[in-house]
Amino acid sequence: PPSTSAQPLVPTKPSAAAYTLSAANLHYRRGEFDAAIQAYNLILKQNPKSPDAYAGLVRVYLKQKEVDQAYEIATEGVKATDAPTVQVALGEVLFRQGRIPEAEQAWVKVINKEYPSARAYWVMSRVRAALSLYAQAKQMLDMAHELDPSDPDIQKHWISSLTRAKQIQYWENYLASPTNDDSEAHADLQHHLEYLRAMENQPHHSCHLVNHIPATETNLL
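Quantities reported herein were computed from a predicted structural model and do not represent experimental measurements.

A.B. asks: Sorry, what's going on with the overall build of the protein chain here?
C.D. replies: Within the protein chain one finds eleven helices and zero strands. Reading the protein chain from its N terminus to its C terminus gives the helix and strand order α-α-α-α-α-α-α-α-α-α-α. Based on the C-alpha atoms only, the size of the protein chain along its principal axes is roughly 85 × 45 × 40 Å. Residues classed as buried in the protein chain amount to 37% of the 221 residues present. In the protein chain, the share of contacts with a sequence separation of at least 24, taken over all contacts with a separation of at least 6, comes to 46%. Summed over its atoms, the accessible surface of the protein chain is roughly 14300 Å², and 54% of this surface lies on carbon and sulfur atoms. Side chains of the protein chain give 21 positive and 25 negative charges; the mean places of these two sets differ by 5 Å.

What follows is the structure, given as structure tokens:
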């Protein structure tokens, strides 16, 4: 039983590093990459083994298409700490490099440790979808979104899995908020939203044959 002389816990203020990590993540999710890099590097100066800072830097460089730089940071992070957060980030780099089996191995290792990593489930869902294992992909995507619905990468893939009407609603809210998408990606999403709106206003059409053809033969070339 607990000691009767134990003192009640007194809430403490978050550390400066916690404030910096929160700010760094916010910069990343808003697309303010230079500020995010500066903030993550500041955290590493305060704590050279911070898995969140290493993972944050990796994802910033991936967003900037600096894959080699992201890989360098990820390997440094794995040497500094074996935390699941860094392992997931390394897997994201390997996935970007096309080293899918190695990436999947890193993510499975994290998931098997029962570490609740939203991004591990997200990237695993992408691999499952590429293998046409759509039910598993959707299950993992839903798990990722449940763990971290504010992650912009997870959010975009999750929205795409919804019905057309819900997609329109969520894409409108997404595009109206600050994101870390580049101008080309933002324009593509805007065009996709316009397409969904146009389709929503069209009457429903079922597919059917133009002519009734009971049988036919053709050469296979």
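Structure shown, so let's carry the discussion forward.
A.B. asks: Even after reading the chapter, I still don't get the nonpolar core, so can you show me in this structure?
C.D. replies: One recurring pattern in soluble globular proteins is that nonpolar side chains are buried together. One finds Y40, L57, V58, V60, V93, W107 and W171 to be the most contacted residues of the largest nonpolar core, which totals 52 residues. Dropping the residues within four chain positions of it, L57 is found in contact with I37, Y40, N41, L44 and I73.

A.B. asks: Hey, could you run me through a negative patch on the surface in this one?
C.D. replies: A cluster of acidic residues, E66, D68, E72 and E76, forms a negative patch at the surface. Residue classification places E72 among the partly exposed positions, given a relative accessible area of 41%.

A.B. asks: Looking at this model, I keep getting lost on the environment of G56. Mind explaining?
C.D. replies: Tracing the backbone shows G56 in helix α3 (residues 51-63). Along the primary structure G56 and A39 are separated by 17 residues, whereas in three dimensions their C-alpha atoms are 9.7 Å apart.

A.B. asks: Can you help me understand the layout of surface pockets in this one?
C.D. replies: Over the atoms a probe the size of a water molecule is rolled, and this reveals where empty space is left. If you add up the space inside the largest pocket, you get close to 550 Å³. Forming the walls of the largest pocket are 23 residues, and the residues nearest its centre are L62, K63, R96, D153 and K156. Of all the secondary-structure elements, those providing two or more residues to the lining of the largest pocket are α3, α5 (84-96), α7 (118-130) and α9 (152-160). Counted by class, the lining of the largest pocket contains seven nonpolar, five polar and eleven charged residues. Roughly 400 Å³ of internal volume is contained in the second largest pocket. Residue lining of the second largest pocket: 19 residues in total, with D52, R59, T85, R119 and D148 positioned closest to the centre.

The rules behind these values
Residues numbered from 1 in each chain as written. Predicted model: local features only at pLDDT ≥ 70, side-chain atom pairs only at ≥ 80, totals over all residues. Heavy atoms only, no water. Helix = DSSP H or I, 4+ residues; strand = E, 2+ residues; numbered from the N terminus. Buried < 20%, exposed > 50% of the residue type's maximum accessible area, 1.4 Å probe, protein only. Contact = heavy atoms within 4.5 Å. Areas by Shrake-Rupley, 256 points an atom, 1.4 Å probe, with all protein chains shown as cover. Lys, Arg positive; Asp, Glu negative; His and termini not counted. Charge placed at Lys NZ, Arg CZ, Asp CG, Glu CD. Core = buried A, V, L, I, M, F, W, Y, C linked by side-chain atoms within 4.5 Å. Patch = residues over 30% accessible without salt bridge, like charges linked within 9 Å, V, L, I, M, F, W, Y side chains within 5 Å. Salt bridge = Lys/Arg side-chain N within 4 Å of Asp/Glu carboxyl O. 1 Å grid on protein atoms, 1.4 Å probe; cavity = no way out; pocket = protein on both sides within 12 Å on 5 of 7 lines; lining within 4 Å. Points joined across faces, edges and corners; volume = space filled by probe spheres on them. Nonpolar A, V, L, I, M, F, W, Y, C, P; charged D, E, K, R; others polar.

Purely geometric stuff here, so don't read any function into it on its own.
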